[in-house]
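Listed below are the residues making up each chain.
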Amino acid sequence: MAVARLMRKPADTEFPQATRKPLPAGQPREWYVTHNRRLKAMRLTIALLDSGIYHPATADDTRIRATAEQIGVHPPSDTTCRMVRALIRYGR
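Cut-offs used in this document
- Residues numbered from 1 in each chain as written.
- Predicted model: local features only at pLDDT ≥ 70, side-chain atom pairs only at ≥ 80, totals over all residues.
- Heavy atoms only, no water.
- Core = buried A, V, L, I, M, F, W, Y, C linked by side-chain atoms within 4.5 Å.
- Buried < 20%, exposed > 50% of the residue type's maximum accessible area, 1.4 Å probe, protein only.
- Helix = DSSP H or I, 4+ residues; strand = E, 2+ residues; numbered from the N terminus.
- Contact = heavy atoms within 4.5 Å.
- Phe/Tyr/Trp six-rings, centres within 6.5 Å; stacked < 30°, edge-to-face > 60°.
- Lys NZ or Arg CZ within 6 Å of the ring centre and 35° of its normal.
- Patch = residues over 30% accessible without salt bridge, like charges linked within 9 Å, V, L, I, M, F, W, Y side chains within 5 Å.
- Areas by Shrake-Rupley, 256 points an atom, 1.4 Å probe, with all protein chains shown as cover.
- Salt bridge = Lys/Arg side-chain N within 4 Å of Asp/Glu carboxyl O.

Section: the nonpolar core
In globular proteins that are soluble, nonpolar side chains generally tend to be buried together. One finds Ala41, Leu44, Ala47, Leu48, Ile53, Ala59, Ile64, Ala68, Ile71, Cys81, Val84 and Ile88 forming the largest nonpolar core, which totals 12 residues. When contributions to this core are tallied by element, the ones reaching two or more residues are helix H1 (29-50), helix H2 (61-71) and helix H3 (78-90). The element that contributes the greatest number of residues to this core is H1, accounting for 4 residues. When residues no more than four places from it in sequence are discounted, the contact partners of Ile64 are Leu44, Leu48, Ala59, Pro76, Cys81, Val84 and Arg85.

Shown next, in the form of structure tokens:
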């Protein structure tokens, strides 16, 4: 009888990069800023949930910014950090 062995993923595939499509043209600049902020907040929220952070109180700004560095995105602003906590809160 064969025994299955679990293998750990390599570190570089732990947080895969999302494929990006071009944004639609003709929108006001504020639309693009908001859209990109939401995308960044979603990526950070998913990474925090994958790492075991399920409560918004444990997702302080320093932890969110450390996660951003870990997954390779620019450090988020205070507004984006608030969005991440809101996504964690309302996703429950």
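Thoughts on the packing of aromatic side chains
The description of an aromatic ring pair uses the distance of the two centres, along with the angle that the planes make with each other. Under the defined criterion, the tally for this structure stands at 1 aromatic pair. Ring plane angle 90° and centroid distance 5.1 Å describe the contact between Trp31 and Tyr32, whose orientation is recorded as edge-to-face. The partly exposed category is assigned to Tyr32, whose relative accessible area is 21%. Taking NZ or CZ as reference, Arg89 lies 5.9 Å from the ring centre of Tyr90, over its face.

A closer look at a nonpolar patch on the surface
Residues Met42, Ile46 and Leu87 make up a contiguous nonpolar surface patch of about 250 Å² in total accessible area. Take Ile46: it is sitting in helix H1. By relative accessible area, Ile46 is classed as partly exposed at 46%.

Brief notes about the side chain of Arg85
Following the sequence through the fold, Arg85 ends up in helix H3. Using a relative accessible area of 18% as the deciding quantity, one classes Arg85 as buried. Ignoring any residue separated from it by four or fewer positions in sequence, one finds Arg85 in contact with Pro56, Ala59, Asp60, Asp61 and Ile64.

That is the geometry; function is a separate question.
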